[in-house]
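# Results of the structural survey
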Amino acid sequence: QVQLVESGGGLVQAGGSLRLSCVVSGRTFSGRAMGWFRQAPGKERDFVAAITWSGGKTDYADSVKGRFTISRDNAKNTVYLQMNSLKPEDTAVYFCAAHDRGYLLTRKRGEYDYWGQGTQVTVSS
């Protein structure tokens, strides 16, 4: 069984930074592509960023490009989301997700097989 556990969320002022972490346990982590999604109250869960199994390719939603950076450490079974220049509209629950096609970058929720429980990020103005 694969488990994903996010951490690092919290309350931050606009313009500040946070780093989210997602630790993956269970079956092999290094072969999986990883993604981050977010869900604001009353809205759908939206794609934020994705990274291939090697870390060689990444993808970002236009709304976060240039401010957020996704990375991974396969030795630690961990994927990160560094969030800089945060805005109030970044407020949401952030979820990490994984799928077994490690070479595939995808923005589609349905392509991901495993999900974490989420961590709250609140950005005050």
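This one's a predicted model, so the numbers in the text were calculated from it and none came from an experiment. (Residues numbered from 1 in each chain as written. Predicted model: local features only at pLDDT ≥ 70, side-chain atom pairs only at ≥ 80, totals over all residues. Heavy atoms only, no water.)

### Thoughts on the overall build of the chain
Where we set the bar: A run of H or I in DSSP becomes a helix once it reaches four residues, and a run of E becomes a strand once it reaches two; helices and strands are each numbered from the N terminus. We compute the radius of gyration from the C-alpha atoms alone; for a globule the expected value is 2.2 Å times N to the 0.38, where N is the number of residues. Exposure categories follow from relative accessible area, calculated using a 1.4 Å probe and restricted to protein chains: below 20% of the type maximum is buried, above 50% is exposed, and the middle band is partly exposed. Each accessible area value is a Shrake-Rupley result obtained with a 1.4 Å probe; residue values ignore everything except the protein chains displayed when judging cover. Counting rule applied: Lys, Arg positive; Asp, Glu negative; His and chain ends not counted. Lysine's charge is taken at NZ, arginine's at CZ, aspartate's at CG and glutamate's at CD.
Within the chain, the regular secondary structure consists of 0 helices and 11 strands. Mapped in sequence order, the helices and strands of the chain form the string β-β-β-β-β-β-β-β-β-β-β. For the chain, whose C-alpha radius of gyration is 13 Å, the value lies close to the compact-globule estimate of 14 Å for 125 residues. In terms of overall dimensions, the chain has C-alpha extents of about 40 × 25 × 25 Å along its principal axes. Counting every position in the chain, which comprises 125 residues, the buried fraction comes to 44%. About 6300 Å² of surface is accessible on the chain, with carbon and sulfur atoms providing 46% of the total. Taking the average place of the 16 positive charges on the side chains of the chain and the average place of its 11 negative ones, the gap between the two points comes to 3 Å.

### What to know about the sheet that holds strand 7 (residues 68-73)
Selection criterion: Two strands form a pair only when DSSP identifies at least two bridges running between them. All axes here are fitted lines through C-alpha atoms, helices being fitted over the stretch that makes contact, and every angle between N-to-C directions spans 0 to 180 degrees.
Pairing within the open sheet is antiparallel, and its 4 strands lie in the order 1-3-8-7. Only two strands of the sheet have a single partner each, and these edge strands are strand 1 (3-7) and strand 7. Neighbour to neighbour, the strand axes of the sheet diverge by 15° on average, direction disregarded. Sheet topology places strand 7 next to strand 8 (residues 78-83); 6 bridges connect them, and they run antiparallel. When the bridges of strand 8 are listed, Asp-73 appears paired with Thr-78.

### Here's the deal with the packing of aromatic side chains
Applied cut-off: We call Phe, Tyr and Trp rings a pair once their centres come within 6.5 Å, taking the six-membered ring for Trp, and we label the pair stacked below 30 degrees between planes, edge-to-face above 60, and tilted otherwise.
In the structure shown here, the tally under the stated rule is 4 aromatic pairs. Look at Phe-37 and Phe-47: their rings are 5.8 Å apart centre to centre, the planes differ by 80°, and that puts the pair in the edge-to-face class. With a gap of 10 residues between them, Phe-37 in strand 4 (residues 33-39) and Phe-47 in strand 5 (residues 45-51) connect regions that are remote in the sequence. In this structure Phe-37 comes out as buried when scored by relative accessible area, which is 0%. By relative accessible area, which is 11% here, Phe-47 ends up buried. Note on Phe-37 and Trp-115: the rings are 5.0 Å apart at their centroids and 55° apart in plane angle, and the pair reads as tilted. With Phe-37 in strand 4 and Trp-115 in strand 10 (residues 114-115), this residue pair connects regions lying 78 residues apart in the sequence.

### Section: the environment of Val-79
Short version of the rule: By definition in these notes, contact holds between two residues if any of their heavy atoms fall within 4.5 Å.
Tracing the chain through its elements places Val-79 in strand 8. On the basis of relative accessible area, Val-79 is assigned to the buried category, the value being 0%. For the pair Val-79 and Arg-67, spaced 12 residues apart in sequence, the C-alpha to C-alpha distance is 17 Å. Residue contacts for Val-79: discarding those within four places in its chain leaves Leu-20, Ser-21, Cys-22, Phe-29, Met-34, Trp-36, Ile-51, Ile-70, Ser-71 and Arg-72.

### Looking at the pattern of salt bridges
Here is the rule: Any Lys or Arg side-chain nitrogen found within 4 Å of a carboxyl oxygen on Asp or Glu counts as a salt bridge.
Summed over all chains, the structure comprises 7 salt bridges. In this structure, Asp-100 and Arg-32 form a salt bridge, with 2.7 Å as the shortest nitrogen-oxygen distance. You can see Asp-100 sitting in the loop between strand 9 (92-99) and strand 10 and its partner Arg-32 sitting in the loop between strand 3 (18-25) and strand 4, a full 68 residues away along the chain. A salt bridge links Asp-90 to Arg-38; the nearest nitrogen and oxygen atoms lie 2.9 Å apart. Highlighted residues: Asp-90 in the loop between strand 8 and strand 9 and Arg-38 in strand 4, separated in sequence by 52 residues. For Asp-90, a relative accessible area of 0% translates into the label buried. For Arg-38, a relative accessible area of 13% translates into the label buried. Connected through salt bridges with shared partners, the residues Arg-38, Arg-67 and Asp-90 form a single ionic network.

Functional significance is not addressed by these values, which are geometric in nature.
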